[in-house]
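So you can see what is in the structure, the chains are spelled out below.
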Amino acid sequence: GPTVAFGGDDLARAVRLKRVGDKKDNVWGAEVKVPLGEASIEYHYVIKSRDTRYESRICPRSVSIAGLPAGSTVDVRDGFRSAKYYVLATSCFSRAIFGRGNSPENARTENKLVETGDLSWPELGEGQTAVRLHVFAPRVSAGHSVWVRGNTEGLGKWSKEKMCPMVHIGGRIYVGQVVVDKADKNVEFKLAVVDNAGSVVCEEKDTHKLSIAPGSNSHITQDVSFVYPNPTYKTAGVALPVSGIRSEASTGIGEFLDLKKVADWCSKTGLQIIQILPINDSGEDPSPYSASSSFALHPSYVTPIAVAGYYSSKMGLDMSGITGWATSLVEKLNHNKKIDYARVLGEKQKIMDAIYDLVGRDQILADPGFQEWLSASESWVKVYAAFKVQLVKEKSFNNKWFDTSCWSKGVSETEAIVSHHSEDYDKVVRVYFTQYHLHLQLLEASKYAESLGVAIKGDIPIGVTRCSSDVWAEPNLFKLDMNCGAPGDPEQNWG
């Protein structure tokens, strides 16, 4: 874990567990002393052998120590979390398929979201024990909540009317706390999911059991997983390239905003995942696996008329001329049954340049949303923009332009190229401008799909092309004398 007591995230200084009890029980444990200055302690487990290492960090591990008197001991009873099962806690499921966008409206009837440090241990009487349940329950639909009932007074004596609510600490981990009297040394409980109308929609068949031995610690955390009637979750989806979802409103090719129509179709047919092929910038190469950047999105997937609408609504600019141009492009480029990649890319570049010129560089740069995105993307977008600008120059005089090792400028000159004093600064901002609107439109489609309970799942190319911003930036990370791909007619080059 990140604290000194757990090695400061250095595996060499981490707490080493030892086997406890009978070998067949496969129980491991250790005692760790921590200061009371922290509100909570974060940690995770690692299985390490001589040459392998396995750990699952999808769900957070944390224990609150707020409210504990000095010298207290907390008996932490955890189970190892397999990444295979805990994948259901990833955003694909928690934010989209189950969460439906995690809207504020649904949050009103969901478990309250709190920080672990906000949880405080109660004051205890003679012989009492505080039990805190940490429950992993990934399959909780939007607007639903997790509750617990059991055999003790604090757990409602099995009454459904007296079930105890739980709080959500993130990662689909729900926490409930109960004080157990000294007479109740065998605690039994069941977990249930309640809908937004207060009805139980799913409850465990069997009970969980927790034993409190005489003389044991007065503070216990018990880690359990919700046991569903159908333990294996199954779903279905569709896999497709974005270029292939061209609609009547598209500008010659499928675009990010067309994913909203696909999401509508998925919602009506019961599909929950849209798997798209890579959407990285690949220049004029139509292959989605021929990426010229690991981060940048392909400019062909932008919807120009939506970009015009952005500045019309946000800045009150008259974009009617651009809107008419964009509408005529839809009719012109959609006329062909086949996608003319080079033409689509060229026409979109022209209209995006026209929008940029109409709005003006200063207004674009002054947009707070643009500045926020630029700051968040700084680690890659500067190098990418410098690469795009320099690529155009190299093509004009260098017959080995496809090999970045032969370029007249290296990545070390990135700051000079993207500087606002540079003669190329306007070209650099145009690159930023296009990537910003690609980001906005993909985000809009993704959030819309999430609201319908549909996840958009991305794909990444196997590699990048030799002529890419990545190779230009760090050629030492690539085997430049090798390519991967697949045979066929034509054969596939994956970089």
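Caption draft 1: Examining the overall build of the protein chain more closely. Assigned secondary structure in the protein chain consists of 13 helices and 21 strands. Overall size of the protein chain, expressed as C-alpha extent along the three principal axes, is 85 × 50 × 50 Å. In the protein chain, which comprises 495 residues, the proportion classed as buried is 43%. Considering only residue pairs separated by 6 or more positions, the protein chain has 69% of its internal contacts joining residues 24 or more positions apart. Per element, the accessible surface of the protein chain, about 26,200 Å² overall, is 52% carbon and sulfur. Between the mean site of the 56 positive side-chain charges and the mean site of the 59 negative ones, the protein chain shows a separation of 5 Å.

Caption draft 2: Region of the structure containing the packing of helix 9 (residues 368–376) against helix 10 (residues 378–397). At a minimum axis separation of 5 Å, helix 9 and helix 10 run at an interaxial angle of 90°. Relative to helix 10, the element helix 9 lies roughly perpendicular. Between helix 9, through Trp373, Leu374, Ser375 and Ala376, and helix 10, the contact on the second element is made entirely by Glu378, Trp380 and Val381. A class-by-class count of the residues in the contact of helix 9 with helix 10 yields 5 nonpolar, 1 polar and 1 charged.

Caption draft 3: Molecular detail of the pattern of salt bridges. Under the criterion given, the structure shown has 26 salt bridges. Across the salt bridge formed by glutamate 450 and arginine 95, the nearest N and O atoms sit 3.0 Å from each other. Of this pair, glutamate 450 sits in helix 12 (residues 425–451) while arginine 95 sits in helix 2 (residues 91–97), and the two are 355 residues apart along the sequence. Ionic pairing is found between aspartate 424 and lysine 393, a salt bridge with its closest N-O pair at 2.7 Å. Of the two residues, aspartate 424 sits in the loop between helix 11 (414–418) and helix 12 while lysine 393 sits in helix 10, which places them 31 residues apart along the sequence. On the basis of relative accessibility, which here comes to 5%, the residue aspartate 424 falls in the buried class. Overlapping salt bridges bring together Asp353, Asp357, Arg361, Asp426 and Arg430 as one network.

Caption draft 4: Layout of the layout of surface pockets. Approximately 2,100 Å³ is the volume found for the largest pocket. Of all elements in the fold, only strand 2 (27–29), strand 4 (46–48), strand 7 (74–77) and strand 16 (219–225) reach the threshold of two or more residues within the lining of the largest pocket. Here the lining of the largest pocket takes 4 residues from strand 7, the largest share from any one element. In terms of residue class, the lining of the largest pocket is built from 25 nonpolar, 10 polar and 12 charged.

Caption draft 5: How the structure looks around empty space enclosed by the protein. The final tally for this structure, using the stated rule, is 4 cavities of 30 Å³ or more. Volume-wise, the largest cavity comes out at about 90 Å³. As for the largest cavity, its lining consists of 14 residues, and the residues nearest its centre are Gly283, Asp285, Pro286, His298 and Tyr341. Considering only residue class, the lining of the largest cavity consists of 7 nonpolar, 5 polar and 2 charged. Computed from the structure, the second largest cavity encloses a volume of approximately 70 Å³. The wall of the second largest cavity is formed by 14 residues, among which Tyr43, Ser62, Asp78, Arg81 and His134 lie closest to the centre. Elements supplying a minimum of two residues to the lining of the second largest cavity: strand 6 (62–64) and strand 16. The dominant element in the lining of the second largest cavity, judged by the number of residues it contributes, is strand 16, at 3 residues.

Conventions used here
- Think of each chain on its own: its residues are numbered from 1, step by step along the sequence as written.
- Totals for whole chains, interfaces and linings use every residue, but because this is a predicted model, local features are given only for residues with pLDDT of at least 70 and side-chain atom pairs only at 80 or more, for both listing and counting.
- No hydrogens and no water enter the side-chain calculation; it runs on all heavy atoms of the structure.
- Numbering of helices and strands runs from the N terminus, with a helix taken as a DSSP run of H or I at least four residues long and a strand as a DSSP run of E at least two residues long.
- For each residue, the accessible area found with a 1.4 Å probe, counting protein chains only, is set against the maximum for its type, and the residue is called buried under 20%, exposed over 50%, and partly exposed in between.
- Every residue pair with non-hydrogen atoms within 4.5 Å of one another is taken to be in contact.
- Computed with a 1.4 Å probe, the accessible areas rest on the Shrake-Rupley method; for each residue, only the protein chains presented here act as cover.
- Think of it this way: Lys and Arg go in the positive column, Asp and Glu in the negative one, and His and the chain ends go nowhere.
- Lysine's charge is taken at NZ, arginine's at CZ, aspartate's at CG and glutamate's at CD.
- In this description, a line fitted to the C-alpha atoms serves as the axis of each element, helices being fitted only across the stretch in contact, and the angle between N-to-C directions of two axes falls anywhere from 0 to 180 degrees.
- Every angle not falling under 35 degrees, over 145, or within 65 to 115 is termed oblique; those three ranges are roughly parallel, roughly antiparallel and roughly perpendicular.
- Throughout this entry, Asp, Glu, Lys and Arg are counted as charged residues, while Ala, Val, Leu, Ile, Met, Phe, Trp, Tyr, Cys and Pro are counted as nonpolar. The remaining residues, Gly among them, count as polar.
- Note on definitions: salt bridges are taken to be side-chain nitrogens of Lys or Arg within 4 Å of carboxyl oxygens of Asp or Glu.
- The way it works is a 1 Å grid over only the protein atoms, where trapped points that fit a 1.4 Å probe form a cavity and open points with protein on both sides within 12 Å along at least five of seven lines form a pocket, and then any residue with an atom within 4 Å of a point lines it.
- Grid points are joined across faces, edges and corners, and a volume is the space filled by probe spheres set on the points.

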